[in-house]
Amino acid sequence: MGKGYSRKFLAQKMRCERKERTYQLTKMLLSRQTLAIRLLTLCFTVYVSLALDASHDIPESADENCDFKLAFRKYQLILSWELKNRSIVPTHSTFQYTIMSKKESMKTVENCTNITRSFCDLTNVWQDMHETYIPMVEEFRGETLLVQCLGSITALNLSFEPPDFGIIGFADHINVVVQFPPVAPTIYGEDLHDQASLIIKEHSEDIDKRHEPKISGSFSGNFSYVINNLIPNTNYCISVYFEPRSSRTITKPPLKCVLLQPAQESGSSKSVKIVIVIVIFVSVAISIILTLRQIGYVCLHTEFPKVLIFHNFVVRIFPELPLSEEVNILEVISINKKKKVWGYNYGDESDSEDEAPLRTIAGGYTMHGLPGRLHSQVRTSPASSQASHLGDPADEESKEPERETQPQPQPPAAQGPSPGQKEGTSEPSERTEGLPQDPCPKVDDGNSSGGSGDKMTFNVDLNSVFLRVLHDDEEDSEEAALVLPPPEEVVDLEEDPQEMESSLLVPGGEKLQVLFPNLPPECLWTGDDLSDKSDTSSSDVDDIRDGYIMR
Amino acid sequence: MANRCILQIALLLSFSTISLSLSYKLLQAQQRSSSLACGELLKQLKGKPEYCLKDRMDFKFPEEIKQPQHFRKENAALVIQEMLQNILDIVRKNFSNTVWNETIVENLLVELHQQMDSLKTLLQEILEKKDITWEDTMIIPRLKGYYWRIRRHMKAKDNSICAWTVVQVELSRNFSFINRLTDYFQD
């Protein structure tokens, strides 16, 4: 029994020892795994941290030490920096830079090494505006490096400082003069003109107006720009600045203000402006119409109404002046004819008319014609009339009785065509017009028809001709006072009108005095005068010789 | 009759030229504004180029685009479109791997889409006119090679922060080139 217990005890002891060993082994293994896990975790952490910061070979705080600013100042590309920690006071600085597009080492700038200033002129250094530049500034005190600054600069960071400018105010405009350098400025190796635009801004009360003058060429020398159409006696403020094409960063300058003068514009300049505007408007309108008409969009009538015919415009406004009145010296030939007075008795005539027949009865002739017989005279043949005019006086006398029976023609004014006189007016209407010309022939300038020899034949416009008879003989005052009787009474109406006129109008002055020396100086004929004086002259003034009356 | 036809054609040409010049000016203004906005958005992203100098790489941007001499607006439009498309692809596909601000990246993507839309009309006109020579199209493969190098660099660096930072700087440079190319729209 003792052997059995001891065997069981030994077996249990062995089991315990195994368990303990297993436990210890397990415990040992667990501790090792933990360590491994810890190691792995550490490795992972290190890995991650290394992965994140693998490329950082520059202290991470280097970019937080300085503020970099890139500006186009005074037409130069200036990079300036400023330490954030103002307690650090370096004695000198060194500037270096590199680019991001290539693997290049840091480059030093000759003029920016060991400098005491905090900016560097990079106008001729940075030549690629598309590049991302990495500036590095090291601040030293003596030989000790105090701070290292890093940054990244692109063209988007560039700010254009405004140019210097002046303004001159006038009544309604402002002259802005921008001062550029004599040599065209460049930026990133290119002309400033290609990189930025010049902007002039006008501020008035609440209104802002932007002007972008077009500058041909480059920004060099002084540039003048006029802002027009401003309100006089108003305060205007002007600002001038560059607007970059590769950036939205704009540095606006302080405003320069001016109070415009009160308006003193003269009326003449206004009127000139108005005239110019009208002329331009009319010319543009005409050119448009002509162009459209040429194309065919507009079809204009070629036959204009009379109102629109402008080539007669001048004629209508300034009608032809009447031709100057011509004065021709004509000789009036009076034909003295004697008419036999037959013993006619007009018992129905008035008392005053009875006197003449009483005087003329002695000679056997009477001065009275018989009005109303003209028509019958007119109807007589021209041949007979010509014969009576040119023929023997005896023949003439033989025909006189026939004429005596004819009624005395009415004065021209009274000879208008009437229904009762249709017979007479129908045939020789010309004759009725020509008859008054006989004693005082009137010359029509345009209608005169030529004659031959010493005879001239005229068609006379009675409305425009005056007749003056040349005479100096005062002895024949009675005859001078004579107003010629109506030609109807004088001339044989059977004569051809032309011959009748030609017989009376003979050029030259001698015959006039011989044949009719006592012609009155004024011989302005009117119908009334004719009718009145025919009677009075025959009764009072006419020279009655041997029963004949001189006409 | 002939004169009328000539005048009509001249008027039509002048009007169309005026309208086209106006549209090109508008397009120029849009492109310039968008490229400036994209550059500013990229600048807002978290990244410090000065700490990633070891990861710098020359991606060899095509020199004929960097300093264009005989560029026409058709060339410019074509190049800008290709650049915008590649930038969009780079940002969109690798966006999840960046540590950038999501809002800024989304705004950047929106701006890129707008910029590409504004170019679409002009590109359609160019393609319809077939006003592109074989030499003009030779730029495109070089551009594709440039962007392929950018992608390879990011892959090589496992989209590390510095790799993204270097790419960010390169994309900013791209927008500066695009801004310059828009100057050709006014010709």
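Residues numbered from 1 in each chain as written. Chains lettered and ligands numbered in written order. Predicted model: local features only at pLDDT ≥ 70, side-chain atom pairs only at ≥ 80, totals over all residues. Heavy atoms only, no water.

From N to C terminus, chain A includes 15 helices and 21 strands. Looking at chain A as a whole, 37% of its 551 residues qualify as buried. A sequence separation of at least 24 residues applies to 72% of the contacts in chain A between residues at least 6 apart. With the model as given, the accessible surface of chain A reaches about 32900 Å², and the carbon-plus-sulfur share is 56%. (Helix = DSSP H or I, 4+ residues; strand = E, 2+ residues; numbered from the N terminus. Buried < 20%, exposed > 50% of the residue type's maximum accessible area, 1.4 Å probe, protein only. Contact = heavy atoms within 4.5 Å. Areas by Shrake-Rupley, 256 points an atom, 1.4 Å probe, with all protein chains shown as cover.)

What follows is about the overall build of chain B. Across its full length, chain B holds seven helices and zero strands. Ordering the α and β elements of chain B from the N terminus gives α-α-α-α-α-α-α. The proportion of buried residues among the 187 residues of chain B is 51%. Within chain B, contacts between residues at least 6 apart in sequence are counted, and of these 90% link residues at least 24 apart. If you sum the accessible surface of chain B, you get close to 9600 Å²; carbon and sulfur atoms cover 56% of it.

Right, let's get into the pairing of strand β9 (residues 164-169) of chain A. Residue and element names in this part refer to chain A. Residue alternation in β9 divides its side chains into a buried set, Phe165, Ile167 and Gly169, and an unburied set, Asp164, Gly166 and Ile168. Inspection of the sheet shows β9 paired to strand β10 (residues 174-179) by six bridges, in the antiparallel sense. Its bridge partner lying in β10, Phe165 is registered against Val178. Taken together, β9 and the strand that follows it, β10, pair antiparallel across an intervening segment of four residues. (Pairing = 2+ DSSP bridges.)

All names here are of chain B. Residue position: Ser118 is located in helix α4 (residues 102-129). On the accessibility criterion, Ser118 (18% relative accessible area) is buried. Beyond its immediate stretch of four places on either side in the chain, Ser118 contacts Leu27, Gln30 and Gln31.

Another point: the nonpolar core. Counting 58 residues, the largest nonpolar core has Met83(B), Leu119(B), Phe175(B) and Leu181(B) as the members making the most contacts within it. For this core, the secondary structure elements donating two or more residues are β6 (133-141) of chain A together with α1 (2-44), α3 (73-93), α4, α6 (139-156) and α7 (161-181) of chain B. Formed by 50 residues, the second largest nonpolar core is a distinct cluster that contains Leu70(A), Tyr188(A), Ala196(A) and Ile227(A). (Core = buried A, V, L, I, M, F, W, Y, C linked by side-chain atoms within 4.5 Å.)

Next up on the list: the packing of α3(B) against α4(B). Residue and element names in this part refer to chain B. Interaxial distance between α3 and α4 falls to 9 Å at its minimum, and their mutual angle equals 150°. As the angle between them shows, α3 and α4 are arranged roughly antiparallel. Note on packing geometry: the crossing formed by α3 with α4 is left-handed. Contacts between α3 and α4 pair Glu74, Ala77, Leu78, Ile80, Gln81, Leu84, Gln85, Ile87, Leu88, Val91 and Arg92 from the former with Val105, Leu108, Leu109, Leu112, His113, Gln115, Met116, Leu119, Leu122, Leu123 and Ile126 from the latter. Of the residues assigned to the contact of α3 with α4, the class counts are 16 nonpolar, four polar and two charged. (Axes fitted to C-alpha atoms, helices over the stretch in contact; angles between N-to-C directions. Parallel < 35°, antiparallel > 145°, perpendicular 65-115°, else oblique. Left-handed = near helix turned anticlockwise from the far one by under 90°. Nonpolar A, V, L, I, M, F, W, Y, C, P; charged D, E, K, R; others polar.)

Looking now at the sheet that holds strand β17 (residues 256-259) of chain A. Residue and element names in this part refer to chain A. Spatially, β14-β13-β16-β17 is the arrangement adopted by the four strands of the open sheet, whose pairing is antiparallel. Each edge of the open sheet carries a strand with a single partner, namely β14 (207-211) and β17. Along the sheet, successive strands turn relative to each other by an average axial angle of 25°, direction set aside. Direction of pairing for strand β13 (residues 196-204) relative to strand β16 (residues 235-244): antiparallel, over a ladder of eight bridges. In the sheet register, Glu202 faces β16, and the bridge partner there is Ile238.

The next thing to look at is the state of the cysteines. Residues and elements named next belong to chain B. Within this structure, the stated rule accounts for four disulfides over all chains. Each sulfur in the disulfide pair Cys52 and Cys162 lies 2.1 Å from the other. Here the S-S torsion is close to -75°, and the disulfide linking Cys52 with Cys162 is therefore left-handed. Residue Cys52 is located in the loop between α1 and α2 (63-66), and its partner Cys162 is located in helix α7; the two are separated by 110 residues in the primary sequence. (Disulfide = S-S within 2.5 Å.)

The positions that UniProt labels "transmembrane region" (unreviewed entry) are, in the present scheme, residues 274-292 of chain A. Its end C-alpha atoms 27 Å apart, residues 274-292 of chain A is made of 100% helix and 0% strand. (UniProt positions renumbered as here; feature names shortened; annotations may be inferred.)

Turning our eyes to something else, we now look at the interface of chain A and chain B. Note on interface size: it is often stated as the accessible area lost on association of the parts. The interface of chain A with chain B comprises 38 residues on the first partner and 32 residues on the second. Interface area for chain A against chain B, summed over the two sides, is near 3300 Å², with a carbon-plus-sulfur share of 55%. When the area that chain A buries against chain B is broken down by residue, the three leading residues are Met100(A), His130(A) and Arg248(A), summing to 23%. Here chain A is connected to chain B by one salt bridge. The partner of Glu190(A) in a salt bridge is Arg180(B), and the shortest N-O contact between them spans 2.7 Å. Between the two partners, chain A and chain B, sit nine residue pairs in polar contact (both at pLDDT 80 or more). Looking at the side of chain A that touches chain B, the elements that each hand over two or more residues are β3 (92-99) and α3 (267-295) of chain A. (Buried area = accessible area lost by both parts, 1.4 Å probe. Salt bridge = Lys/Arg side-chain N within 4 Å of Asp/Glu carboxyl O. Polar contact = N/O pair within 3.5 Å; in protein donor to acceptor, adjacent residues only side chain to side chain.)

The next subject is the packing of aromatic side chains. In this description, a pair of aromatic rings is defined by centroid distance and the angle of the planes. Under the counting rule described, the total for this entry stands at 18 aromatic pairs over all chains. Plain terms: the ring middles of Phe72(A) and Tyr75(A) are 6.2 Å apart, the flat faces sit at 80° to each other, and that makes the pair edge-to-face. Neither residue differs from the other here; Phe72(A) and Tyr75(A) are each classed as buried. Residues Tyr146(B) and Tyr147(B) carry aromatic rings whose centres are separated by 4.8 Å and whose planes lie at 75° to one another, so their mutual orientation is edge-to-face. (Phe/Tyr/Trp six-rings, centres within 6.5 Å; stacked < 30°, edge-to-face > 60°.)

Let us now look at the sheet that holds strand β5 (residues 119-121) of chain A. Residues and elements named next belong to chain A. One open sheet accounts for four strands, arranged β5-β2-β1-β8; its pairing is mixed. Looking along the sheet, the strands with just one partner apiece sit at the ends: β5 and β8 (159-160). Two elements, strand β1 (residues 66-73) and β8, share two bridges in a ladder whose sense is parallel. Bridge assignment links Ala71 to a residue of β8, and that residue is Ser159.

A word on a nonpolar patch on the surface. On the surface, Val272(A), Ile276(A), Ile280(A), Val284(A), Ile288(A), Leu292(A) and Tyr297(A) cluster together to form a nonpolar patch covering roughly 630 Å² of accessible area. Its place among the elements puts Val272(A) in helix α3. (Patch = residues over 30% accessible without salt bridge, like charges linked within 9 Å, V, L, I, M, F, W, Y side chains within 5 Å.)

Here the focus is α7(B). In this model, α7(B) (21 residues) spans 30 Å end to end at C-alpha, consistent with the 30 Å of a helix rising 1.5 Å per residue. Of all 21 residues in α7(B), 19 are buried; the element is thus mostly enclosed. (Expected span 1.5 Å × (residues − 1).)

This part takes up the confidence of the model for chain B. Residue-level pLDDT values for chain B average 83, and 84% of them are 70 or greater. Note on the complex model: pTM 0.53, ipTM 0.86. (pLDDT = per-residue confidence, 0-100.)

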